[in-house]
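As a plain string of letters, each chain reads:
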Amino acid sequence: MTTSPGTGKTHLAIALGQAACRQGRRVRFFTAAALVNRLEEAQKQYQLERFLSQLDKTELLICDELGYLSFSRTGAELLFQVFADRYERASTLITSNLAFSDWVQVFQGERMTAALLDRLTHRCHIFEMNGESYRFRESMKSRKAKKTE
């Protein structure tokens, strides 16, 4: 999913994850930064294969907020590995404010980004959620209500 901030990407991802859980599916939710941190930490502790095996048993991996924070080269490569390993084997849901053309910044190279997008966009559903930020709209309502009091 790509879109502007505040339009409900995370809420929709959580709702889809909960629906999958109700169907008895194994679901894991991470922000992209938290997932990369876990991968890097597992690698440092020589536990990477164990963590990757746990992720491999996950039927739906939700990776929220891809592109908000930058990663080290190692982190980007580990995240690429997770996404690429899941290709045609398990479901992955990714939320991002970035257009695909900007993913080069996240994965630090055109070749790796092109290879990843080739896999991710094959047999996928892309939701673009455009509109005004819900949080911004609510804060404006709140301000207007305070002014009329």
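Residues numbered from 1 in each chain as written. Predicted model: local features only at pLDDT ≥ 70, side-chain atom pairs only at ≥ 80, totals over all residues. Heavy atoms only, no water.

Would you mind going over the packing of aromatic side chains with me for this structure?
Under the criterion given, the structure shown has three aromatic pairs. Centroid distance Phe-100 to Trp-103: 5.3 Å. Interplanar angle 80°. Geometry classified as edge-to-face. Judged by relative accessible area, which is 2%, Trp-103 ranks as buried. Here the aromatic residues Phe-100, Trp-103 and Phe-107 are joined through ring pairs into a cluster of three or more. (Phe/Tyr/Trp six-rings, centres within 6.5 Å; stacked < 30°, edge-to-face > 60°. Buried < 20%, exposed > 50% of the residue type's maximum accessible area, 1.4 Å probe, protein only.)

What is the right way to look at helix α2 (residues 32-44) in this model?
Working note: α-helix, 3.6 residues per turn, so residues spaced by three or four point in the same direction. Spanning 13 residues, α2 covers 18 Å between terminal C-alpha atoms, matching the ideal 18 Å at 1.5 Å per step. On its buried side, α2 packs onto β2 (27-31), α3 (48-56), β3 (60-66) and α4 (73-86). Immediately downstream of α2, the backbone of Tyr-46 shows phi near 55°, a positive value. (Helix = DSSP H or I, 4+ residues; strand = E, 2+ residues; numbered from the N terminus. Expected span 1.5 Å × (residues − 1). Contact = heavy atoms within 4.5 Å.)

Can you walk me through the side chain of Thr-58 in this structure?
Secondary-structure assignment places Thr-58 in the loop between α3 and β3. For Thr-58, a relative accessible area of 3% corresponds to the buried category. Look past the residues within four positions of Thr-58 in its chain and what remains in contact with it is Arg-26, Val-27, Arg-28, Arg-86 and Ala-90.

Would you explain the nonpolar core in this entry?
Side chains that are nonpolar tend, in soluble globular proteins, to be buried together. Counting 30 residues, the largest nonpolar core has Leu-35, Leu-39, Leu-66, Phe-83, Trp-103 and Phe-107 as its most contacted members. Elements represented by at least two residues in this core include exactly α2, α3, β3, α4, α5 (103-107) and α6 (110-120). For this core, the element with the highest residue contribution is α4, accounting for seven residues. Ignoring any residue separated from it by four or fewer positions in sequence, one finds Leu-66 in contact with Ala-32, Phe-71, Leu-79, Ile-94, Thr-95, Ser-96, Asn-97, Leu-98, Trp-103, Val-106 and Phe-107. Core analysis: the next-biggest nonpolar cluster, separate from the first, contains five residues, Ala-13, Ala-20, Leu-60 and Ile-62 among them. (Core = buried A, V, L, I, M, F, W, Y, C linked by side-chain atoms within 4.5 Å.)

What should I look at first to understand α4 in this one?
The end-to-end C-alpha distance of α4 is 20 Å, a good match for the 20 Å that 14 residues give at a rise of 1.5 Å each. Buried within α4 are the following residues: Gly-75, Ala-76, Leu-78, Leu-79, Phe-80, Val-82, Phe-83, Ala-84 and Arg-86. Of the residues one or two after α4, Glu-88 is the one with positive phi, at around 60°.

Teacher, can you tell me more about the environment of Phe-80 here?
With respect to the helices and strands, Phe-80 occurs in helix α4. For Phe-80, a relative accessible area of 18% translates into the label buried. Taking the C-alpha atoms as reference points, Phe-80 and Leu-116, separated by 36 residues in sequence, lie 6.8 Å from one another. Setting aside anything within four residues of it in sequence, one finds Phe-80 in contact with Phe-107, Met-112, Ala-115, Leu-116 and Arg-119.

Help me understand unusual backbone geometry in this model?
Leaving glycine out, the prevailing phi sign among residues is negative, and the prevailing peptide bond configuration is trans. Even without being a glycine, Glu-65 presents a positive backbone phi close to 65°. You can see Glu-65 is positioned in strand β3. Owing to a relative accessible area of 33%, Glu-65 belongs among the partly exposed residues under this scheme.

Whenever I open this one, the pattern of salt bridges confuses me. Can you help?
For side chains bearing opposite charge, pairing can occur when the charged atoms are close. Throughout the structure, instances matching the rule amount to four salt bridges. Residue Arg-25 pairs with Glu-59 through a salt bridge whose shortest N-O separation is 3.4 Å. Note that Arg-25 is positioned in the loop between α1 (9-22) and β2 and Glu-59 in the loop between α3 and β3, a separation of 34 residues in sequence. (Salt bridge = Lys/Arg side-chain N within 4 Å of Asp/Glu carboxyl O.)

Function cannot be inferred from these measures alone, as they are strictly geometric.
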